[in-house]
Amino acid sequence: MKYNPMNLSINVQIFISSSQKQAWISFFMLKNFKIVLYLKFSTGVFSFSKKMKVSCFLFLFFIYAYHAKCASITQSGIRIPLTRNPLTVDRLKSAKAKSRSFYTQQLNQDVEIPLRDNKLLSYYGPISIGTPPQNFNVVFDTGSYDLWVPSTLCKSQACLDPGRRLYNRTTSKTRQCKECKSEEKIKYGTGWMSGVRSTDTLTIDNVQIKNRQFLEAMQEADGFVGEPYDGIMGLRYKNTVSNHIVTQICKQLNYVVSKFSVYLTNDPKNTNGGELMLCDEDKTKYRGELNYASEYLSGSWAVVMKKISLRYGNERVQELATDGSGFFDTGSSFVIGPGKYVKAIYKALNSTALEGDMEVNCETIHKLPNITFRIQAQDYTLAGRDYILKITANDGKLHCIVGFASNVASQKQWILGDVFLRKYYTVYDLNKRRIGLAESIHN
């Protein structure tokens, strides 16, 4: 039986029963040195007390084990390291080419916010599925719902990539499937996948979730060719949070809260992408206190944005947009906004076209205006150094690309992707259905 470490109280009284007068000095060598423990466990449902005699060594081991358990769970939650693929010109071109289809799609409250621009900067981490466990790297995506990995039965070009890890249903002892004959299709901005829905044991950092539903991908679009990750784990939720992956993990570890936190590093050349933390947040990775904004659309990780403005030093403020919404999306590389407003940003930056992208003179980054998003009553500002992506071309030339992209179909909705999330640490609170933000600390 597991006990919540926060509700465990231990009263210890030590008695030495020894005929040796100097027992307190040489107790490690005394066979009859004993410690009497009065233990009281309280789970909130029942209490248990016990008096027992144990050896000194067993006592020290108990204290060590208890401390280790508290340190790994109570104080720090589950930490999943994120890996990031380096930013290159080729990846930028590919990202833009693959994502153009999204910019012409209608975006409304009834449409799932798709994954975009994975080719540019992908943040992914490890999970396992099956018994014995089969290891995969997945994108942890706050812009989609489902968990999927490619199957050994998939014959698409993306599944045949060298190094791509495939799920083998025949080797898992815990895999079950009731509707394996009918395939489901999920559309993303970068393509689509089609697969069958199965259940198996999902393992994240040694925590097992039995009978977890996921999709075995039988077909994948060419948009996933060359990706460094294997699949996607959606972190949105439908209607209720009780079946959310994070909720199940936190409940299994006896956490009262159900939440997860995202920290992204800001060095595009470093493959250390940051950290996904389950059931807790890391206060050493952000400044000040978290400011919370309530979800306005349940399950979407979307908040109300009062306005967006540009500030030029301490002189002039240009109000850009009002009364919009912002979707937090770890699966998107850029900040994506309505076409007319993004066009105004390009103009304000004096940016020029570069093969479908917009770039600025790298020497002017420190002079670029700050772009501020007002989420509820709090302002969140991106400086030029935050929203300009520096890329070195194959010929050695440095390009400075604007980290904003246009969605011509949207009028009020913005996608707050990794350009925004690298600047701000985010906490996704499933219990209270809100998002916490604070400025990230980068070394």
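For the structure given in this document, a descriptive report is provided here. (Residues numbered from 1 in each chain as written. Predicted model: local features only at pLDDT ≥ 70, side-chain atom pairs only at ≥ 80, totals over all residues. Heavy atoms only, no water.)

Across its full length, the chain carries six helices and 27 strands. Buried positions account for 53% of the 443 residues belonging to the chain. Long-range pairs, those at least 24 residues apart, make up 69% of the contacts in the chain with a sequence separation of at least 6. Accessible surface for the chain amounts to roughly 21,500 Å². Of this, 50% is attributable to carbon and sulfur atoms. (Helix = DSSP H or I, 4+ residues; strand = E, 2+ residues; numbered from the N terminus. Buried < 20%, exposed > 50% of the residue type's maximum accessible area, 1.4 Å probe, protein only. Contact = heavy atoms within 4.5 Å. Areas by Shrake-Rupley, 256 points an atom, 1.4 Å probe, with all protein chains shown as cover.)

Below, the discussion takes up the sheet that holds strand β19 (residues 357–360). Within a beta sheet, neighbouring strands are joined by backbone hydrogen bonds and run either parallel or antiparallel to one another. Spatial ordering of the open sheet is given by β18-β19-β23-β22, a layout of four strands whose pairing is antiparallel. Among the strands making up the open sheet, the edge pair consists of β18 (352–354) and β22 (388–392). If you compare each strand with its neighbour and ignore which way they point, the axes differ by 50° on average. (Pairing = 2+ DSSP bridges. Axes fitted to C-alpha atoms, helices over the stretch in contact; angles between N-to-C directions.)

Moving on: the pairing of strand β15 (residues 302–312). Where β15 meets strand β16 (residues 316–328), 10 bridges bridge the pair, whose relative direction is antiparallel. Opposite Ala302, over in β16, you have Phe327 as the bridge partner. In this antiparallel pair of consecutive strands, β15 and β16, the connection spans three residues, and Gly313 shows a positive phi of 60°. As paired strands, β15 and strand β20 (residues 370–375) are joined by six bridges and run antiparallel to one another. Its bridge partner being in β20, Met305 is matched across the sheet by Ile375.

Mapped onto the elements, Leu276 comes out in strand β13 (residues 272–278). Along the backbone, Leu276 and Leu264 are 12 residues apart, and their C-alpha atoms lie at a distance of 8.6 Å. Beyond its immediate sequence surroundings of up to four residues, Leu276 is in contact with Ile78, Arg79, Ile80, Leu82, Phe140, Phe260, Ser261 and Val262.

Another aspect to go through is the packing of aromatic side chains. Taken as a whole, this structure holds 16 aromatic pairs when the rule is applied. Centre to centre, the rings of Tyr286 and Tyr425 are 5.1 Å apart; their planes meet at 40°, and the pair counts as tilted. Of the two residues, Tyr286 is situated in the loop between β13 and β14 (291–294) and Tyr425 in strand β26 (residues 424–429); the sequence distance between them amounts to 139 residues. Under the relative-accessibility criterion, Tyr286 is labelled buried at 6%. Judged by relative accessible area, which is 1%, Tyr425 ranks as buried. Arranged with centres 5.2 Å apart and planes meeting at 75°, the rings of Trp301 and Tyr428 form a pair that is edge-to-face. In this pair, Trp301 is assigned in the loop between β14 and β15 and Tyr428 in strand β26, connecting sequence segments 127 residues apart. Judged by relative accessible area, Trp301 falls into the buried class, the value being 0%. Site record: aromatic cluster; members linked through ring pairs are Phe328, Tyr341, Phe373, Tyr380, Trp414, Phe420 and Tyr424. Over the ring of Tyr145 we find Lys238; its NZ or CZ atom is 4.9 Å from the centre of that ring. (Phe/Tyr/Trp six-rings, centres within 6.5 Å; stacked < 30°, edge-to-face > 60°. Lys NZ or Arg CZ within 6 Å of the ring centre and 35° of its normal.)

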